[in-house]
Every structure is written in C-alpha cells, then in structure tokens.
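Residue-level structural notes
As a plain string of letters, each chain reads:
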Amino acid sequence: MKIVSVDVFLLNCGTADWRPVVCRVNTDEGISGYGEASVGFDSGAPAAYAMIKDIAPIIIGMDAMAHEAVWDRLFRQTFWAQAGGVIVFSAISAIDMALWDIKGKALGVPLYQLLGGKLSENLRCYASQLQFGWGSNMGRAVTDEALADACRKAVEEGFDALKINFITFDDAGGRVGFLRGPIPVQHRKMIERRAQAVRRAVGDQVDLIVENHARTDAVSAVEMSRVLEPYGILFLEEAATPLNPDVMKVIRSGSRIPLAGGERIFGRWGFLKFFQDDTIQVAQPDIGTCGGISEAKKICDMAHAFDVGVQIHVCGSPISIAASLHMEASIPNFVIHEHHVINRSRMNIDLGLYDYAPVNGRIAIPDRPGLGQELSEKAMKEALASCTVK
C-alpha cells in the first residue's frame, strides 16, 4: 500500500487563538488516515501547516504500513528534526498519526489493538483549565466565587479531579505574567485564597491538579508548592521551562508535590534526562508534537521503566483526542486523561464526526477502526487554508 498524496488543512474555528492543523494521508488502495500537528492554539499553526506541506513530498511513494521507516526518513532527512523543534516535530507527529490510522483501517481494528490491547474499558478524566470557567465556551473565572462555581459544576457532572492555573489571571481579570524569584505578597495571598476557595467548594474527595504553564521559575515554583501543599495537590504541571532540566532538580528537591510536564518536550531524547533525574513523576507527551503515535509509545514505555506515570497532553481537535484515548488505554502506567474545556466548545466538537466526551468523569475508548475519528465535511470545507501534496 503506497502513499500517493497528503492533504493538509488549517482549520477555522472563528478565532486566531484556535486553528487546529490536520493532515490526511492517502494511499493507492483508497484508504486514508488522519493526523494532527497539535500547535493549533496561540501562535505556530500556520508554520505547522507549512511544515507538513514542505516535508510531505519525502514520503510520497513509501509504504503506508511502514510507519517506522517513514518516521526515520522524516527524522533523518529533514535536517532540523534532529534539533527537536516543535514545528518540525509536530509535522512528523501528524504524518505518523495518520499512518497508524491507515494501518488500523486496513486491518479493521481500533488503534489500541495495534498498541497491545486495552487495559481499561474507560479512563478516569479530569476537567482541565477551569480558570477559563466550565461552560460551552471559554471565559474567565477571575473571582474566588466564579472559580469555585466552575469547579462545582465539573464535580456535579461526575469529575473527581480538576486542573486549575491559579496564576493565569489576576483579581482584575488581567494577565499575571511570569513570577520570577520570590512571589509578591499580593500574588502569594491570591494563590492561597483561590486554593482555599476551590477546596472548600469541592470537598476533600476531589483531586486538584495545579497548572503553571512554566510561568514560574525555580524560586517561585518552590514557594508556590509550599503554599499549596496543605490543599492536597495531585501534581504540579510545568513548574518551570523544560529548556534547562537541572532547574527541575531544584524544584523537585524543594517540593513535596509530584511534578508533571512534557507538552513542550519533544522526542524520547528530550524526556530521558527528566526520567533519569526523577524530576518528572507524571509525563505528559502530546502525541501531536512529541513525534506521533510511534514516538509517544516509546516515551510511555521508557517512562514505565523509570516508574513514571503518563497523562497524555490533550489540547487539540477531535483527531488528537481520539489518538490520546487509544494510547492511554493501552499503557500500564496511565494516570488520568485530560478533558480540556475547549473540548466542550461547539467550534471544536464540530471539526470531527464523533464527540468522545466523558460521562460521570469517565471516558470510553473508540472502537471504530484506526483512530475512530474523521474530519467533518464542514471542517474541511471551511478551512482557512488547504492543499494537496502529490
């Protein structure tokens, strides 16, 4: 089965802040597969779209079932891939994901079967990014009561774990920015006040995850972890930039809260030192940026060897959501699944044919062949840009 063309889509959700990038790899046997470059939020989406278009000619004519051969050629022959950059790795990720989708469809089995089979029929989920509220559209939960109310809504829907970034917005609704060095007293009090409000609202039987988006450094992250420790935090995500792994040693030694990270770490080589140093206890590779299904499986297996748990990072279209479910269902070191607030938005749901949503805080694994997800005709028709590489 040969690859004959690659369709690339820069999808339109009506906002420059959310432009998922998806490719469709087509074969000479009429089977096509979908994959995503998960840089659709913030900046970078047009670059990922262009990168897929740029490297797609390399794989035309290759065996669509030989995903390792395709991956290796893309990694070795694109020059920049060996530097581990997000744009080139996201393009490789999208193509690799599409090849696994093709393989599952060709064999008539769901992706999880190709990865070794399901270890669970459904996955525990957490409601993610509640500083944006918990409705059908992202907003701003700025006041203590608004944040507590968003958390109560998620718990009422059956979630028993929630993730919040306490330093996205200040009390006036503006951006806090980066906390470098000792945390100013007004922000320290704000963090503790918000943590108290949330814990009071949901009780002590709900796990709380704190997201920092690398907006703290070693000093402020350690200080924040000590402020948050009394509130029973499951783990602290992206406590600092992953560019200097040694910084995480400082945070790890000064914090009793487990650390998580990985959405901005690319390839098995990027994760290795964090595992060796035990500075990440929950690895969060994003299948749409870490190197695709092929690379994510290697990262998950390597994490298992170091007793590191895995929560796939999920902030993408329905394509990457489906891929993450298959991966998490098939690994023994799965921790919890991320259900981002963007997944509740109609603009994102309508990009796919199927809506894989949690019920009572648990989410089922797709049983359709391959990823079990396709782009909708609406998504392709209304794309901001599209092209076909032959």
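Quick notes on the overall build of the protein chain
The helix and strand inventory of the protein chain stands at 13 helices and 13 strands. The principal-axis extents of the C-alpha atoms in the protein chain amount to approximately 60 × 40 × 35 Å. The proportion of buried residues among the 390 residues of the protein chain is 59%. For the protein chain, the proportion of contacts with a sequence separation of at least 24, taken over those separated by at least 6, is 73%. Looking at the protein chain as shown, the accessible area adds up to about 14,700 Å², and 51% of this sits on carbon and sulfur atoms.

Some thoughts on the pairing of strand β5 (residues 161-164)
Alternating positions in β5 separate into two faces, A161 and K163 on one and L162 and I164 on the other, with burial throughout. Pairing analysis gives four bridges linking β5 to strand β6 (residues 207-211), with the strands arranged parallel. Looking at β6, one finds that I164 is bridged to V210. As for the winding sense of the linkage, the β-α-β connection from β5 through helix α6 (residues 185-202) to β6 is right-handed.

With respect to the pattern of salt bridges
Here the structure, examined in full by the defined rule, presents 29 salt bridges. A salt bridge links R194 to D171; its shortest N-O distance comes to 3.4 Å. Here R194 is found in helix α6, whereas its partner D171 is found in the loop between β5 and α6, with 23 residues between them in sequence. By relative accessible area, which is 3% here, R194 ends up buried. Its relative accessible area of 42% is what places D171 among the partly exposed residues. K297 serves as the salt-bridge partner of D301, at 2.9 Å between the closest nitrogen and oxygen. Of this pair, D301 and K297 both sit in helix α10 (residues 292-305), four residues apart, which is roughly one turn of that helix. Through salt bridges that share partners, D144, D171, R193 and R194 make up one connected network.

Quick word on the sheet that holds strand β3 (residues 32-37)
In space, the four strands of this open sheet follow the order β3-β2-β1-β13, with antiparallel pairing throughout. Of all the strands in the sheet, the pair left with one neighbour each is β3 and β13 (385-389). The sheet shows a mean angle of 15° between the axes of neighbouring strands, taken without regard to direction. Alignment of strand β1 (residues 3-10) against strand β2 (residues 21-27), held across seven bridges, turns out to be antiparallel. From the neighbouring strand, D7 faces β2, where its bridge partner is R24.

Concerning the packing of aromatic side chains
In the structure shown here, the tally under the stated rule is eleven aromatic pairs. Both rings, one in F75 and one in F89, keep their centres 6.2 Å apart while their planes meet at 85°; by these two values the pair is edge-to-face. Here F75, found in helix α2 (residues 67-77), pairs with F89, found in helix α3 (residues 86-107); they are 14 residues apart in sequence, far enough to count as distant. F75 sits in the buried class, given a relative accessible area of 6%.

Some words on the side chain of N348
Inspection of the secondary structure assignment puts N348 in helix α12 (residues 346-349). Owing to a relative accessible area of 1%, N348 belongs among the buried residues under this scheme. A polar atom in the side chain of N348 sits 2.9 Å from the side chain of W18.

Details of the environment of P318
The residue P318 is located in helix α11 (residues 318-329) in this model. On the accessibility criterion, P318 (6% relative accessible area) is buried. Placed 251 residues apart in sequence, P318 and H67 show a C-alpha to C-alpha distance of 22 Å. Beyond its immediate sequence surroundings of up to four residues, P318 is in contact with N348, I349, L351, G352, Y354 and Q373.

Notes on helix α5 (residues 144-156)
Its 13 residues give α5 an end-to-end C-alpha distance of 18 Å, which sits within 8% of 18 Å, the value for a rise of 1.5 Å per residue. Elements in contact with the buried residues of α5: β4 (122-128), β5 and α6. G158 occupies a position one or two residues after α5 and carries a positive phi of about 110°.

Conventions adopted
Residues numbered from 1 in each chain as written. Predicted model: local features only at pLDDT ≥ 70, side-chain atom pairs only at ≥ 80, totals over all residues. Heavy atoms only, no water. Helix = DSSP H or I, 4+ residues; strand = E, 2+ residues; numbered from the N terminus. Buried < 20%, exposed > 50% of the residue type's maximum accessible area, 1.4 Å probe, protein only. Contact = heavy atoms within 4.5 Å. Areas by Shrake-Rupley, 256 points an atom, 1.4 Å probe, with all protein chains shown as cover. Pairing = 2+ DSSP bridges. Right-handed = clockwise from strand over helix to strand, strands pointing away. Salt bridge = Lys/Arg side-chain N within 4 Å of Asp/Glu carboxyl O. Axes fitted to C-alpha atoms, helices over the stretch in contact; angles between N-to-C directions. Phe/Tyr/Trp six-rings, centres within 6.5 Å; stacked < 30°, edge-to-face > 60°. Polar contact = N/O pair within 3.5 Å; in protein donor to acceptor, adjacent residues only side chain to side chain. Expected span 1.5 Å × (residues − 1).

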